[in-house]
Amino acid sequence: MTGNLTRAEAADRARLLKLESYRIELDLNGSATSFGSLTTVRFGCTRPGAASFIDLTAIDVTRITLNGRTLPVELFDDHRVQLPELASVNELTIEARCAYSRSGDGLHRFTDPADDCVYLYTNLETAYARQVWACFDQPDLKATFEFTVRCPAGWQVISTEDPDRAAQPTDTDGVVAWHFPPTPPMSTYFTAVAAGPYHLVRTEHDGIPLGLACRQSLATYLDAEEIFEFTRQGFDYFQAAFGRRYPFTKYDQVFVPEFNAGAMENAGVVTILEDFIFRSRVTEARRESRAETLLHELAHMWFGDLVTMTWWDDLWLNESFATWASIVALAEATRWPNAWTTFSQFLKAWAYRQDQLPSTHPIVADIVDVASVEVFFDGITYAKGAAVLKQLVAFVGRENFLTGLRAYFDSHAWGNATLADLLDALEQASGRQLQDWSKAWLESAGVNTLRPHYSTAGDGVFTEFAVLQQAPDSHPVLRPHRIAIGLYDRAEGPLGGQTPALRRRQRIEVEVTGERTEVPALIGAARPDLILVNDDDLTFAKVRLDDHSLRTAISSIGDFADQLPAALCLSATWDMCRDAETAARDYLTLALTAVRTTADPNVLQTVLGQATMAVRKYADPAWRPIGLAQLATELRNLLSAAETGSDRQLTFTNVFAAVANSAGDLDLLSAILSGDHVVPGLAVDTELRWHLLRRLVNRGVAGEAAIEAERERDRTDAGDRYAQACLAAIPEAAAKQATWERMISGAVPDATLRSVLSGFYAADQDELVKPFFGQYFRAVGEIWRHWGPVQAQYFVERGYPTTVISAQALDDSARYIEELNPPSSLRRLLSEGRDDVARALRCRERDGLEER
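So, a few notes on the structure that sits alongside this text. Owing to the predicted nature of the structure, the values given are computational and were not obtained by experimental measurement.

Quick notes on the sheet that holds strand E15 (residues 208-214)
Turning to step 1, where the next piece is worked out: Here we have five strands laid out as an open sheet, ordered E14-E15-E16-E18-E17, and mixed in their pairing. Both edges of this open sheet fall to strand E14 (199-205) and strand E17 (263-264), since each of them pairs with a single strand only.
Turning to step 2, where the next piece is worked out: Relative to E15, E14 runs antiparallel, the two sharing seven bridges. Within E15, the residue paired with His-199 across the bridge is Cys-214.
Turning to step 3, where the next piece is worked out: Running at roughly 145 degrees to E15, helix H2 (residues 224-242) makes contact with E14, E15 and strand E16 (251-256) of the sheet.
Turning to step 4, where the next piece is worked out: Of the strands in this sheet, E16, E17 and strand E18 (269-273) touch helix H3 (residues 284-300), which is tilted by about 135 degrees from E16.

With respect to the pattern of salt bridges
Turning to step 1, where the next piece is worked out: This structure, assessed with the given rule, holds 67 salt bridges.
Turning to step 2, where the next piece is worked out: Across the pair Arg-42 and Glu-20 runs a salt bridge, and its minimum N-O distance is 3.5 Å. Note that Arg-42 is positioned in strand E2 (residues 34-45) and Glu-20 in strand E1 (residues 17-27), a separation of 22 residues in sequence.
Turning to step 3, where the next piece is worked out: One salt bridge connects Glu-226 with Arg-290, and the closest N-O pair in it is separated by 2.8 Å. Here Arg-290 lies in helix H3 and Glu-226 lies in helix H2, a separation of 64 residues in the sequence.
Turning to step 4, where the next piece is worked out: Under the relative-accessibility criterion, Arg-290 is labelled buried at 0%.
Turning to step 5, where the next piece is worked out: One network of salt bridges, in which partners are shared, links Arg-432, Arg-482, Arg-504, Arg-507, Glu-509, Glu-511, Asp-535 and Asp-536.

Points about the sheet that holds strand E22 (residues 462-470)
In a beta sheet, neighbouring strands are held together by backbone hydrogen bonds and run either parallel or antiparallel to one another.
Turning to step 1, where the next piece is worked out: With mixed pairing, the four strands of this open sheet are ordered in space as E25-E22-E21-E27. The sheet is open, and its two borders are formed by strand E25 (516-518) and strand E27 (542-543), each paired with just one other strand.
Turning to step 2, where the next piece is worked out: For E22 and E25, the ladder comprises three bridges, and the chain directions are antiparallel. Each bridged residue has a counterpart across the sheet, and for Ala-466 the counterpart in E25 is Glu-518.

What to know about the pairing of strand E21 (residues 449-456)
Turning to step 1, where the next piece is worked out: Relative to E27, E21 is paired through two bridges, and the arrangement is parallel. Paired with Leu-450 across the strands is Val-543, a residue of E27.
Turning to step 2, where the next piece is worked out: Note that E21 and E22 share eight bridges and pair antiparallel. Across the sheet, Arg-451 pairs through a bridge with Leu-468, a residue of E22.
Turning to step 3, where the next piece is worked out: Between E21 and E22, which pair antiparallel and follow one another directly, the connecting turn spans five residues, one of which, Gly-460, has a positive phi of 85 degrees.

Conventions adopted
- Residues numbered from 1 in each chain as written.
- Predicted model: local features only at pLDDT ≥ 70, side-chain atom pairs only at ≥ 80, totals over all residues.
- Heavy atoms only, no water.
- Pairing = 2+ DSSP bridges.
- Helix = DSSP H or I, 4+ residues; strand = E, 2+ residues; numbered from the N terminus.
- Contact = heavy atoms within 4.5 Å.
- Axes fitted to C-alpha atoms, helices over the stretch in contact; angles between N-to-C directions.
- Salt bridge = Lys/Arg side-chain N within 4 Å of Asp/Glu carboxyl O.
- Buried < 20%, exposed > 50% of the residue type's maximum accessible area, 1.4 Å probe, protein only.

Structure follows, in structure tokens:
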């Protein structure tokens, strides 16, 4: 990152300066490439006469005034303005011209092709506020912010505070000035301004003004009432749980174009990825995912915005808490009571994968500078941290946890805090010492494995029972785990029916420590059909099923009376597949058994995605075509039998379209797309049409003419990105080469690049992309140096050719890393890609044993 700020520099500056206020004026008129930025900041200095600097990335600076004296503009060096001879109280004014962004960071500018309307929004985490105005761009230098925004008449401007309507005179040239009163003390990274002819919907809840905004061309798709419904539920839940009212004056949620993340917790004005406005029918799982994301951002208003991390080392705490809080609220306050099942299946799978990579790190990361932050927005920071917080809640008790949390808010409101501050509040509330817990869980990396160990007598009762804990050699830390152990038996089905069901007979909670923990409470109990260690998913650990339980799971995974234990068994068997302990083809058998009966839409989608990956990536290549055919045949049968208009029908259609390969299956896709074959109740709408077409292009059944015809039907920016993905999926070497050269040119906007990359690495095109393995390594260094951090990271991760599974690929990756000695963040991402290839090779070897 240019203008990179180190942790040491930030600490020095925080000791020296005491921030008071910013007044910021943005002129958004005229130019399509740049805007005017005028900043006046008041701050104190603890050592008068000392020098410091303020952050700014600008095209040019035209005026610098410090305490009434004009300073030479040469003190600006493209990313910082040096500040000599500070007084005890200072007023600094900097006038600059800054560049609009097309990467989703800074002040992003977008022109809607549907109506030529222009939309702007800021996205400032981690340290991109400097691209919009001069500021001390670090979390622990909080100040108030007073904005004035000049823009064309007819635009809306949205910020943390509601605008002062009296300060919006229309000038003779048709320009309107929007003035916003000062905010409470805030960090630079969660301030925000959005401007443009946004469509607005307003309501109120519990005295809090609520708003939704999107661009005009998407207004007809904005399902405002559903979003307001779970937003209201979130407000009620969090205000009661946190013991403190919402800390800001209003709450707007703005759906913005070309966003490069899911959402961002700007105080009082959350910005959200437009994919969460559904232009076509979606499953309940997608709606739950949207609700989780938006509740995550709402939780940040307290944990993150009211009380903010001192430095980025505690990024995990910010994000993990919001994830944990959003899942609790979903499960207890909304129509998605099975949210913990979703968490177990999806988010924890992400965390388990991340924690087994060579780049794994403690939850509390050592972030030495701002440039290092981006790669830590990962599965450990979000999902493992949330799972560990769930374990902490179990460890100290929920009421104690909430009591400590309320004390933490009371002590640090409008300021900054650290992990130590939170743990101190929790220790005071619970009476439990947490230093050892923190050292084991937060300051060490790696994931433990828990497995049951038992003996039985001739009558089948336990004579001994213990839980065994293992740690990887690379991270040999055994942790304390508060877990539940569930014993499940087959019983009569619901309401006395004949269908057997797996029901929990007994549940006990124990604290596991060390390599072996005896469980005397189970001695004398009859061995059940299935033993589930970590029942109710209280801890973060990989779980193994004993042989007897594994046989029960394979034959009866769809018979659980409840969804969470089924999801936990599926997670355990998926992890065994990824660890090459079971064959990929056996996981496919288990997964297909599960999807025939599972009712949870998130479990259904996750398991089908994992089954597809197992066949494509982890199966012996010689067997892979057989596995894909089995998967496609089963999905086609399930689609035919699915309830008309159901989520299951739509899910089976989407996954079938992703794996269809035979002439008959591709003919069916073509007929569904053309309307020659009608599936009763299935809406072949915009999103599904693109999905079907992309597979047909991938397999060479459709080409450029069909893509252009579909683009003509969907004359939107989203339609253009879908078309770009389809063009990148054309199975021709020349087309791939042209796409590659365009991608690495650096001229493709971030949102479009993501679509093109997904098409370039389309499934089942391994041989076509193999030649680009070397080209990737020749390009990646320059891309890392010259692209923006978020866009470069995305290319490095998603552009790594993980479909090129070979020992040669491992050697080439290792050679590049060794010879070119890339920066640490780039080295980390490349090592993760290489590890994916190594894991796939191990799994393929294990699966191949089934042939012998």
